Amino acid sequence: MPNIFDGFNKAQDKDIINQIVLLKTITFSNLLKVEGRKTLKSTTSAINFITGIFTNKLKIEEPIPKTIEDIMREETIKIQDFSRDKLNLILKRELQEKVKDKTTIQSSDDELSIAIVDKASKGFKDIEDYWISEQKIDMIKQNFIGRMICSIQNKMNKQTRWEREKTEQEIQRSLDNLSIEDQEKIKNILKVNKLTGETVYKILTTTAASTLALNIFGQFGGYIFLTTIMHGLFTTLLGITLPFAAYTTATSALSIITGPIGILGVLGFSIYKLNKGNNKIEQEVLAQSVAMAAFFYGNKPMTPRLEILPSWIPEEDKESLAKEKEQNEIIKSLLKKVDNYKKENEEISFKLEEANKDIREKKMALDLARKNKEKYIENIHQLQEKLNNEQLLSEQKYNEKLNNEIDYYNKLFDEAANNELKLVSRIEKLEKEKNLLDIEKKEAINKQKEYEQLFDKKAEKVIQCIYDSWKIHFTKFIYDKKFLKEVAKYSYDIRLELEKVLKVLHDAKDPKALSRGNMHNGDCHVAVTMAYRLSYIVNADNTITLKYFHHHKLQDRRY
């Protein structure tokens, strides 16, 4: 998988120096110092003005405030003669410092890159957390271009006529420095017959400017455009000679603490808010670094392109797409029937469990009723023996009491016998219902198996196609037919999303770095979309065992 260091490796020494300077200079403490010096100068000037009304003897020497640009130039001088190896080492150290809570100095380039991109992406609402790092990098680059164009347009709208003409001249000078071939490429993208500073100026002030800029970056080679036309724009618009990215980062970061609240408001913040401000500035700086790395990487996106994926079918091949769609619909229909019979089976199993529970309870009640019958009969026999005893015949009252007790137990016996008959009848009925449920369950199981077999037969061809293409494209992966069978259950679009992630995972120098933590069993896992997850194991020989591909939730909504 390409990471931000793959982009930096293609950059020139001066570009790496600029990145190091940005990372070292654009910090919360430096920005506070700059604003503090400005405030001190303003305060000193105000004091001198007031005291000057009365006397010149108390005049205080006004400090010369140091700007962010001054600090950048000083830092540049310190490292401008360093070797490339040393510059690369410093850059990595400065980047790691920004994400030291997630990485160590021993972290691999992949691990460090992912942590940096994750932090940088937090500042963009349109970037989803579950996206792979390459998608985030491409979107950060796109957002950065959008912000840059917006910033330029705001400055352009405030220009006087003289300033506009001067800007057009600078753009023209930058265009003239391009080769004829590069000029032709820009003309084709902008759809103009003649490429002039005036033409480019007009286009940059339109609402379509961001889209056109993206096309130029995507098709022409972003960094060439960056260092020519943009240089001309920023030289005139802002009157600076530093790389424009350095300025945009500095100003956007500065605006965080010098907005409506001003410096005094910042100084009154709580520690929590200060830390929050620092985190926001680091996100801005890292977003700029990520965007620049993407520019250095080249005009192709880092996210795997659809046309390089094993299962991709060109839009022109309508027949193959139609077959794929038809196949998806058949598999979807079969799986739906399997799920329906599985659900029916579960419902019947629940009813059977309830029936068995009911039968057990009724049999226990029947057993109790029979025991009570025996107990009542024994009580009646004992009372009759007493009644038949000749010594008690003369005691009439006592005899009546015994007769009443005998009647009482006879009644209990009759109730128990009655209850026994009802329970026997109820148990017989429940047993019949249970037998019917058993038959229904067997039918549901048979139907489920029938459709599973139909799915297996239909999926065989899909599984074989996936297997044949994956073994060519993904030589490092280990997987079995069971894994491929799970993949075959899902739609063509979901399979392409999976293959994007697999491409990144396969090409990664450090595959473990892609994992969003370990699962309870120690497996690595990565999100494929918001709903789907891939789990895998990185083996000692650097092969990767693909274990599961499934929906996040227990209820498997495949489509």
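The paragraphs below set out a description of the structure included in this document. (Residues numbered from 1 in each chain as written. Predicted model: local features only at pLDDT ≥ 70, side-chain atom pairs only at ≥ 80, totals over all residues. Heavy atoms only, no water.)

A word on the overall build of the protein
- If you tally the helices and strands in the protein, you get 18 helices and 4 strands.
- Burial status across the protein gives 44% buried among its 559 residues.
- Considering only residue pairs separated by 6 or more positions, the protein has 70% of its internal contacts joining residues 24 or more positions apart.
- Just so you have it, the protein exposes about 31,900 Å², and 51% of that area is on carbon and sulfur atoms. (Helix = DSSP H or I, 4+ residues; strand = E, 2+ residues; numbered from the N terminus. Buried < 20%, exposed > 50% of the residue type's maximum accessible area, 1.4 Å probe, protein only. Contact = heavy atoms within 4.5 Å. Areas by Shrake-Rupley, 256 points an atom, 1.4 Å probe, with all protein chains shown as cover.)

Brief notes about the pattern of salt bridges
- Inspection of the entire model under this criterion finds 32 salt bridges.
- Across the pair K136 and D118 runs a salt bridge, and its minimum N-O distance is 2.7 Å. Linking K136 in helix α7 (residues 133–157) with D118 in helix α6 (residues 109–121), this pair joins segments that are 18 residues apart in sequence.
- Taking relative accessible area as the criterion, K136 reaches 0% and is therefore assigned buried.
- Residue E282 is joined to K119 by a salt bridge in which the shortest nitrogen-to-oxygen separation is 2.6 Å. Residue E282 is found in helix α14 (residues 271–297), and its partner K119 is found in helix α6; the two are separated by 163 residues along the sequence.
- Since its relative accessible area comes to 15%, E282 is described here as buried. (Salt bridge = Lys/Arg side-chain N within 4 Å of Asp/Glu carboxyl O.)

Here we look at the pairing of strand β4 (residues 544–551)
- In terms of strand pairing, strand β1 (residues 477–478) meets β4 through 2 bridges, oriented parallel. Bridging across to β4, I478 finds its partner in T545.
- Of the pairings in the sheet, the one linking strand β3 (residues 532–538) to β4 comprises 7 bridges and is antiparallel in character. From the neighbouring strand, Y536 faces β4, where its bridge partner is L546. (Pairing = 2+ DSSP bridges.)

Examining helix α10 (residues 197–204)
- All buried positions along α10 are accounted for by G197, V200, Y201, I203 and L204. When α10 is viewed along its axis, its buried side chains cluster within an angular range of 165° and face the same direction. (Arc of directions from axis to C-beta.)

Quick notes on the pairing of strand β2 (residues 524–527)
- By the alternation rule, side chains of β2 split into C524 and V526 and H525 and A527, which are all buried.
- With 4 bridges joining them, β2 and β3 adopt antiparallel strand pairing. Among the inter-strand pairings, A527 is bridged to a residue of β3, identified as R533.

Observations regarding the packing of aromatic side chains
- Summed over the entire model, instances satisfying the criterion amount to 11 aromatic pairs.
- With 6.2 Å between their ring centres and 55° between their planes, F8 and F296 make a pair best called tilted. In this pair, F8 sits in helix α1 (residues 4–8) while F296 sits in helix α14, placing the two residues 288 residues apart along the sequence.
- Taking the centre distance of 6.5 Å and the plane angle of 50° together, the rings of W470 and F483 count as tilted. A residue pair is termed long-range when its members are at least 10 positions apart, and W470 in helix α16 (residues 396–473) and F483 in helix α17 (residues 481–488) qualify at 13 residues. (Phe/Tyr/Trp six-rings, centres within 6.5 Å; stacked < 30°, edge-to-face > 60°.)

Topic: the sheet that holds β2
- Strands sit in the order β1-β4-β3-β2 across an open sheet of 4 strands; the sheet is mixed. Of all the strands in the sheet, the pair left with one neighbour each is β1 and β2.
- The strands that helix α18 (residues 492–507) touches are β1, β2, β3 and β4; relative to β3, the one it contacts most, it runs at about 30°. (Axes fitted to C-alpha atoms, helices over the stretch in contact; angles between N-to-C directions.)

Here we look at the environment of A291
- Topologically, A291 is positioned in helix α14.
- In this view, A291 contacts I140, K141 and F144; residues no more than four positions away in its chain are not counted.

As for the nonpolar core
- Core analysis: the biggest nonpolar cluster contains 61 residues, and I4, F8, L95, I116, I140 and V290 have the highest contact counts within it.
- If you tally residues by element for this core, the top one is α14, at 12 residues.
- Residue contacts for V290: discarding those within four places in its chain leaves I4, I116, V117, A120, I137 and I140.
- With 41 residues, the next largest nonpolar core counts I132, L335, Y451 and I544 among its residues. (Core = buried A, V, L, I, M, F, W, Y, C linked by side-chain atoms within 4.5 Å.)

Section: the packing of α6 against α7
- Two elements in contact, α6 and α7, have axes separated by 10 Å at closest approach and are oriented at 45°. One finds that α6 runs oblique with respect to α7. The handedness of the crossing between α6 and α7 comes out as left-handed. Along its contact with α6, which presents S113, I114, V117, D118, A120 and S121, the element α7 presents S133, K136, I137 and I140.
- Here the contact of α6 with α7 is built from residues that sort into 5 nonpolar, 3 polar and 2 charged. (Parallel < 35°, antiparallel > 145°, perpendicular 65-115°, else oblique. Left-handed = near helix turned anticlockwise from the far one by under 90°. Nonpolar A, V, L, I, M, F, W, Y, C, P; charged D, E, K, R; others polar.)

What to know about helix α4 (residues 68–79)
- If you check α4, its first and last C-alpha atoms are 17 Å apart, about what 12 residues at 1.5 Å a residue would give, namely 16 Å.
- Looking only at α4, the buried set comprises I68, E69, I71, M72, E75 and I79. In an axial view of α4, the angular spread of the buried residues amounts to 155°, which keeps them on one side of the axis. (Expected span 1.5 Å × (residues − 1).)

Let's talk about the side chain of K136
- A polar atom in the side chain of K136 sits 3.1 Å from the backbone oxygen of D129.
- Not counting chain neighbours up to four residues away, the residues in contact with K136 comprise V117, D118, S121, I127, E128, D129, W131 and R516. (Polar contact = N/O pair within 3.5 Å; in protein donor to acceptor, adjacent residues only side chain to side chain.)

Examining a negative patch on the surface
- There is a patch of like negative charges on the surface, built from E344, E346, E347, E440 and E443.
- Elements represented by at least two residues in the negative patch include exactly α15 (318–388) and α16.
- Considering every element that reaches the negative patch, the biggest residue donor is α15, with 3 residues.
- Given the relative accessible area of 37%, E440 is considered partly exposed. (Patch = residues over 30% accessible without salt bridge, like charges linked within 9 Å, V, L, I, M, F, W, Y side chains within 5 Å. Lys, Arg positive; Asp, Glu negative; His and termini not counted. Charge placed at Lys NZ, Arg CZ, Asp CG, Glu CD.)

Topic: the packing of helix α2 (residues 13–25) against helix α5 (residues 84–98)
- Packing of α2 against α5 leaves a shortest axis separation of 10 Å and a crossing angle of 30°. Accordingly, the angle class assigned to the pair α2 and α5 is roughly parallel. The interaxial crossing formed by α2 with α5 has left-handed handedness. Residue-level inspection shows D13, I16, I17, Q19, I20, L23 and K24 of α2 in contact with α5, the latter providing R84, L87, N88, I90, L91, E94, L95 and K98.
- Here the contact of α2 with α5 is built from residues that sort into 8 nonpolar, 2 polar and 5 charged.

Comments concerning the environment of K325
- Tracing the chain through its elements places K325 in helix α15.
- C-alpha separation for the pair K325 and Y492, spaced 167 residues apart in sequence, amounts to 7.8 Å.

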